There are 2 protein chains.
Amino acid sequence: MSIMLEEIYEQPQAIAATVEKEYAAVAALVTDLREREVRHVVIAARGTSDHAATYAKYLFEIVCGVPVTLAAPSVFTLYDATVNLAGCLVLGISQSGQATDVVQTLSAARGSGALTACITNVVGSPLTRVSDHALICRAGEERAVAATKTYTTSLTLVSLIAAQWANHKGLLNGLRLLPEQIRATLALDEPIAQAVERYRYIEECAVLARGLNQATALEAALKMTETSYLVAKAYSMADFLHGPIAIVSEGFPCFLYAPDGRAYPSMVELALKLREREAEMVIFARSTEILELAQRPVALPVEVDELLSPLVYIVPGQLWACHLAQARGQNPDKPRGLSKVTLTR
Amino acid sequence: MSIMLEEIYEQPQAIAATVEKEYAAVAALVTDLREREVRHVVIAARGTSDHAATYAKYLFEIVCGVPVTLAAPSVFTLYDATVNLAGCLVLGISQSGQATDVVQTLSAARGSGALTACITNVVGSPLTRVSDHALICRAGEERAVAATKTYTTSLTLVSLIAAQWANHKGLLNGLRLLPEQIRATLALDEPIAQAVERYRYIEECAVLARGLNQATALEAALKMTETSYLVAKAYSMADFLHGPIAIVSEGFPCFLYAPDGRAYPSMVELALKLREREAEMVIFARSTEILELAQRPVALPVEVDELLSPLVYIVPGQLWACHLAQARGQNPDKPRGLSKVTLTR
């Protein structure tokens, strides 16, 4: 068993630990958010953590009604800009807590009067030292280069913040059900290990979703890119129709993430368009209507609130990336020329 | 001559017209921004216009010091979220002025007390009707499906807003030099028509930049995707090092946009890393140091302020997409299954 696969399996337990052990730390952050009347969130992150930031953007805007800005760290690190962030929450996300540009962004923001917080897997890391509130992914050490359990525990912390800030009972209850739902979803391991065979020789593909699961598409595409060296490009369904759909000809592989919910009808519309073009579709969904349009349907065994669906739907994406790498003769634990910690100025 | 190429050549004139004819409309917007003490900008856009939004994010943050949020339109259109945007400028960008979700986002924002403005090429379009200020790209009708002159005139309006809002003399002067600089850059037409031959059979590539020219990488990648049906994926150099660089093996085609300025040293660093991996590099730059690392250097004939460099550096990117499509036997004016106006809810 690869380390990546082991860590995929550790997620139910890690998420349960995060909810339990970080509940009070999140409550303290939320108290501060209320006292300071924060009405704008800015998030700094890179790579996988940036996908957690994408989820946070949708969730905070939908559930908490606050606009969320995804920071371009180079604005601060290259251009030395002085952006007025007084009264904002500036949230840094980095599993290692060492992403230099994220640390620098938070440090600058704190200087300009922002409240700062971070989501990281490493207690005492540089990022925690520039944060007023440090929230810790209780994922244990992550050894595989491709992040899995630090991603889902970051999403867990994001949803815990939104749930407490908005006093959203449904989200809080949903979070408690998650570990069991993910455990059930891991039953897809074996069917996915077989399904990937067909894609042994693909060189490129599109990964598609809409709304909240935009984060899932981005993260699933990155996992495949990192471990299988294929050019997997994620698109929002809406942006895809604005031009990139031109790449799709007969047999072009498309991966669709289509959980039930508000974004579902758009995904059906997209699947019908892709079928017209005779695309090859792998569809991750629960509803049979869309699954029937796929050459390779991946039926999720659980029902999940759309707001939390990115935490469940990424799991088959992780399994897919892990098994596809192995089918292609790659070691998913040792991506070519990548290291666990990337330092960028 | 293709319509796309004709329209690429119309850009110097279109930009000059935009600066001259929209100066007063931008001044009126800036007066409102000052009177209302706007300190936060939210931008809604799709496709090519979203790349203009990316440029606006960097420029407004760097030059005006206001945080800029790129809106996720589906937050409003799918999830019916009520996001508190009181006191913000909400800017919609759409060449046709018909992008339904952008119109809906502005309409919702206006209802919640935001100042609204738009950048569009069509006077009287639906988007102008939900905008307190309508800024018009003076590009004339754009007939090619692949947007070129509406992109650069949108960038012109963005920089005109930043220049006036921040009272930035350098930017204002630079804008007046632009038409001549772009005219000079069009001399690359012939050399690029020859250089693309080598890439007749590529199937995928990475397009890389950092900072302000992130917009250039995104837009150049989209042009190639739309007209040549190749999977061209844009990355910020910083994100690229966080994982996707794993796809690069010997001969993998990489396009680098590396104008002089703050982002330049990072691009040299990246080019050296790519050289180690024996990537095939096409580099658009002015400095010989980085050009010497390329298999196919494209030397820009003009010096341009980094703040305005995205307006000049996209031009060889447009030429490249147009000629590459022809070399591959495609008609750049008729991308497979795309229409000029894309309506998404």
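In what follows, the structure referred to is the one given above.
A quick note: this is a predicted structure, and the numbers were derived from the prediction, not measured. (Residues numbered from 1 in each chain as written. Chains lettered and ligands numbered in written order. Predicted model: local features only at pLDDT ≥ 70, side-chain atom pairs only at ≥ 80, totals over all residues. Heavy atoms only, no water.)

*Asks:* Could you clarify how one ought to interpret the sheet that holds strand 2 (residues 68-70) of chain B in this entry?
*Replies:* The strands that make up a sheet are held in pairs by hydrogen bonds between backbone atoms, and each pair lies either parallel or antiparallel. Residues and elements named next belong to chain B. Spatial ordering of the open sheet is given by 2-1-3-4-5, a layout of five strands whose pairing is parallel. Two strands close off the open sheet at either side, each with one partner strand: strand 2 and strand 5 (133-136). Across this sheet, the average inter-strand angle for adjacent strands is 20°, counted without regard to direction. Judged from the five bridges that link them, strand 1 (residues 41-45) and strand 3 (residues 89-93) form a sheet pairing that is parallel. Bridged to Ala45 within strand 3 is Ile93. The strands touched by helix 2 (residues 11-35) within the sheet are strand 3, strand 4 (115-120) and strand 5, with strand 5 carrying the most contacts at an inclination of about 160°. Relative to strand 2, helix 3 (residues 48-64) is tilted by about 160°, and along the sheet it contacts strand 1, strand 2 and strand 3. (Pairing = 2+ DSSP bridges. Helix = DSSP H or I, 4+ residues; strand = E, 2+ residues; numbered from the N terminus. Axes fitted to C-alpha atoms, helices over the stretch in contact; angles between N-to-C directions. Contact = heavy atoms within 4.5 Å.)

*Asks:* I tried to follow helix 2 of chain B on my own but got confused; where do I start?
*Replies:* In an α-helix, one turn spans 3.6 residues, which is why side chains three or four residues apart end up on the same side. Residue and element names in this part refer to chain B. Over its 25 residues, helix 2 runs 34 Å from end to end, which matches the ideal 36 Å to within 8%, given 1.5 Å per residue. The axis of helix 2 is deflected most strongly, by about 55°, at Glu22. Directly after helix 2, the chain includes Glu37, whose backbone phi takes a positive value near 50°. (Expected span 1.5 Å × (residues − 1). Bend = angle between axes of the 7 residues up to and from the residue.)

*Asks:* Which parts of the structure should I look at to understand the layout of surface pockets?
*Replies:* Once rolled over the atoms, a probe with the size of a water molecule shows which space is left empty. Each pocket or cavity is described by its volume, and for the second largest pocket that value is around 380 Å³. What lines the second largest pocket is a set of 18 residues, among which Arg39, His40 and Ala86 of chain A together with Arg39 and His40 of chain B lie closest to the centre. Within the lining of the second largest pocket, the residues separate by chemical class into six nonpolar, six polar and six charged. (1 Å grid on protein atoms, 1.4 Å probe; cavity = no way out; pocket = protein on both sides within 12 Å on 5 of 7 lines; lining within 4 Å. Points joined across faces, edges and corners; volume = space filled by probe spheres on them. Nonpolar A, V, L, I, M, F, W, Y, C, P; charged D, E, K, R; others polar.)

*Asks:* Quick question: what am I supposed to make of the pattern of salt bridges here?
*Replies:* Side chains that carry opposite charge are capable of pairing whenever their charged atoms lie near each other. Evaluated as defined, the whole model comprises 28 salt bridges over all chains. One salt bridge in this structure joins Glu280 of chain A and Arg198 of chain A, with 2.7 Å as the shortest N-O distance. Pair noted here: Glu280 of chain A is in strand 9 (residues 280-285) and Arg198 of chain A is in the loop between helix 9 (189-195) and strand 6 (204-209), with a separation of 82 residues, a long-range link. Overall, the relative accessible area of 11% leaves Glu280 of chain A in the buried class. Under the relative-accessibility criterion, Arg198 of chain A is labelled partly exposed at 43%. A salt bridge links Glu10 of chain B to Lys149 of chain B, with the nearest nitrogen and oxygen atoms 2.6 Å apart. One end of the pair, Glu10 of chain B, is in the loop between helix 1 (3-9) and helix 2; the other, Lys149 of chain B, is in helix 7 (residues 149-165), with 139 residues separating them in the sequence. (Salt bridge = Lys/Arg side-chain N within 4 Å of Asp/Glu carboxyl O. Buried < 20%, exposed > 50% of the residue type's maximum accessible area, 1.4 Å probe, protein only.)

By themselves, these figures tell us nothing about what the structure is for.
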